[in-house]
Amino acid sequence: MYTLEQNLQQTIADKLQLIGEHYLGAYASDPHLDNFSLLPGHAGCLLVQGIFLQRTGDVQYREALLQTEKFLLHQINTSDPLSAVFCDGLAGWGWLMVHLKTQGILPDFDESILEQVDGILEKSLDTMLQKGNYDLFYGALGLGVYFLKRKQHHLVARILTHFSASAVQADNEVRWLQFRPVPSAKPRYDFGLPHGITGILYFVHKCYQANVLPALCEGLMKKGIGFFLNNIQDEATVHSFFPYWIDAEQYGQITLQPVRSRLAWCYGDLGILYTLLQLAKTLQNTALEGAVLQMLLKTCTRRTPQETDVEEPGFCHGASGVGYLYMKLFKQTGHPLFKETAEHWYQQTCALGNKNGPAGYLFQVGENSWAPASGILEGLGGIALSLLAYAYPDAPDHWDECLFLS
């Protein structure tokens, strides 16, 4: 008789069999895939194929991988204009190609191709910095993740110096206004990972680990942590420790109303606290590490859609992303509650795959429209990477740098 864990393992294995078949061919006809982009597009499929190849050793993925690489190079050579950004532009594609070569998945990739990309991105960087666009997905910090991968540390230092000078400083905290391209949008302090101050701290931490302006990075990390500690909500009444954002005009006001945020990779307590835990370990701040760990354990009790806003399987704000983060927390801490919580969310991920799509998954592509989607961020690709991580728990997870988790 199977245990619940064995049943989950078998269900995930069955799902992965079907998902793997999708990425051997059918994914290429997905009309919702962006051109050559990493998170919503074909480059993300290349990453999924590469991880399937690494984990399974099935040579069919090698053949599919080479076809996708050829397609991507054609798209880049024939597309005009080319976006520079990390999420769906050259920076993300470039990061991926370096990553796949480093991991031995595409050992023959010619990195000299990226020298032209370096120049294009450097020009775009200047514009982003002038606008104060420090977004990971669509701004200077995303380019910085690419430049770190390329070891272009002089450009990384330029980013650090610029956004450090533009920060709002206080005695024990530092914060940055979110870049919002619409002039009429209210200025606000965003708490999220892809667009907010959590993402900025992730980037500063990466720079510190790469020994780029380490003294500056250490100060920014400590005062950036202060921003979050100064804005912890009463979780017992609000049901989340942090909001999505705070309007700048309301910041620090007694009349500020707390807001419950979702439980997800992109926004809310889980992504924030996971990032803070990594900083606490690096800074060897055991008191902070203990406090963050207790808050993370408290998040494990939030499981219903009403408590979490999790109603879909995707990675960005769905069950597979939540499950993946809790599994990483279990690996880092050994705390059994994180493992049990991860398994709950993996069960939800599988249960939500009950539609008439690849492996049972369809995704919302319009207000009332559902269709197959193969990208990483909000499609089958993110589910695939998350399920592969569960199925092969001892395999390295370096790929999740593209989602700002390592």
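Residues numbered from 1 in each chain as written. Predicted model: local features only at pLDDT ≥ 70, side-chain atom pairs only at ≥ 80, totals over all residues. Heavy atoms only, no water.

The protein is annotated in an unreviewed UniProt entry as Lanthionine synthetase C-like protein from Chitinophaga rupis.

Student: What should I look at first to understand unusual backbone geometry in this one?
Tutor: Between Asp80 and the following residue, Pro81, the backbone shows a cis peptide bond with an omega angle of 0°. Relative to the helices and strands, Pro81 resides in the loop between helix 3 (59-78) and helix 4 (90-102). Positive phi values are uncommon outside glycine, yet His239 reaches one of about 75°. Here His239 is to be found in the loop between helix 10 (235-238) and strand 4 (245-247). (Helix = DSSP H or I, 4+ residues; strand = E, 2+ residues; numbered from the N terminus.)

Student: So what exactly am I meant to see when it comes to the nonpolar core here?
Tutor: Looking at soluble globular proteins, one finds that nonpolar side chains tend to be buried together. Core analysis: the largest hydrophobic core is formed by 138 residues, its most contacted members being Trp93, Phe163, Phe203, Trp265, Tyr326 and Leu403. Residues in contact with Phe203, not counting those within four places in the same chain, are Leu141, Gly144, Val145, Leu148, Val156, Ile159, Leu160 and Phe163. (Core = buried A, V, L, I, M, F, W, Y, C linked by side-chain atoms within 4.5 Å. Buried < 20%, exposed > 50% of the residue type's maximum accessible area, 1.4 Å probe, protein only. Contact = heavy atoms within 4.5 Å.)

Student: What's the story with helix 12 (residues 286-299) in this structure? I'm lost.
Tutor: Residues that lie three or four places apart on an α-helix share one face, since the helix turns once every 3.6 residues. Helix length check: helix 12, at 14 residues, gives a terminal C-alpha distance of 20 Å against a target of 20 Å (1.5 Å per residue), a fit within 8%. Along helix 12, the residues that are buried comprise Leu288, Val292, Met295, Leu296, Leu297 and Thr299. (Expected span 1.5 Å × (residues − 1).)

Student: Honestly, the environment of Arg302 in this entry has me stumped. Any pointers?
Tutor: Structurally, Arg302 can be placed in the loop between helix 12 and helix 13 (305-308). Residue Arg302 is classed as buried on the basis of its relative accessible area of 3%. As a C-alpha pair, Arg302 and Ala167 span 135 residues in sequence and 34 Å in three-dimensional space. In this view, Arg302 contacts His239, Ser240, Arg260, Ser261, Arg262, Leu263, Asp269, Glu307, Thr308 and Trp345; residues no more than four positions away in its chain are not counted. Polar contacts involving the side chain of Arg302 include one to the main-chain carbonyl oxygen of Ser261, which spans 2.8 Å. (Polar contact = N/O pair within 3.5 Å; in protein donor to acceptor, adjacent residues only side chain to side chain.)

Student: Is there a simple way to think about the side chain of His317 in this case?
Tutor: With respect to the element layout, His317 can be found in the loop between helix 13 and helix 14 (319-333). A polar atom in the side chain of His317 sits 3.5 Å from the side chain of Glu312. If we skip the residues at most four places from it in the chain, His317 touches Arg262, Ala264, Cys266, Asp309, Val310, Glu312 and Glu378.

Student: Is there a simple way to explain the packing of aromatic side chains in this structure?
Tutor: The tally for this structure, following the rule as stated, stands at 29 aromatic pairs. Measuring from centroid to centroid gives 5.6 Å for Phe191 and Phe228, while their planes differ by 85°, and the two rings are edge-to-face. Of this pair, Phe191 sits in the loop between strand 3 (188-190) and helix 8 (197-209) while Phe228 sits in helix 9 (residues 214-229), and the two are 37 residues apart along the sequence. The exposure class of Phe228 is buried, given its relative accessible area of 1%. Seen in terms of ring centroids, Phe315 and Tyr324 are 5.7 Å apart; in terms of plane orientation they differ by 55°. Their pairing is tilted. For Phe315, a relative accessible area of 1% corresponds to the buried category. (Phe/Tyr/Trp six-rings, centres within 6.5 Å; stacked < 30°, edge-to-face > 60°.)

Student: Would you take a moment to explain the packing of helix 4 against helix 6 (residues 140-149) for this structure?
Tutor: If you want to describe how two helices pack, look at the angle between their axes and the distance between the axes. Where helix 4 contacts helix 6, the axes come no closer than 9 Å and their chain directions differ by 25°. Between helix 4 and helix 6, the angle falls in the class roughly parallel. When the axes of helix 4 and helix 6 are compared, the crossing they make is left-handed. Packed against helix 4, whose contacting residues are Ala91, Gly94, Trp95, Val98 and His99, the element helix 6 presents Gly142, Leu143, Val145, Tyr146 and Lys149 at the interface. Across the contact of helix 4 with helix 6, the residue classes tally to 6 nonpolar, 3 polar and 1 charged. (Axes fitted to C-alpha atoms, helices over the stretch in contact; angles between N-to-C directions. Parallel < 35°, antiparallel > 145°, perpendicular 65-115°, else oblique. Left-handed = near helix turned anticlockwise from the far one by under 90°. Nonpolar A, V, L, I, M, F, W, Y, C, P; charged D, E, K, R; others polar.)

Student: Whenever I open this one, the UniProt feature "binding site: Zn(2+)" (unreviewed entry) in the protein confuses me. Can you help?
Tutor: The positions UniProt marks with the feature "binding site: Zn(2+)" (unreviewed entry) are Cys266, Cys316 and His317. In summary, the annotated positions, though distributed over 52 residues, converge in three dimensions, the widest C-alpha pair being only 6.2 Å. Along the chain, Cys316 falls in the loop between helix 13 and helix 14. Apart from residues lying up to four places away in sequence, Cys316 is in contact with Ala264, Trp265, Cys266, Leu377 and Glu378. (UniProt positions renumbered as here; feature names shortened; annotations may be inferred.)

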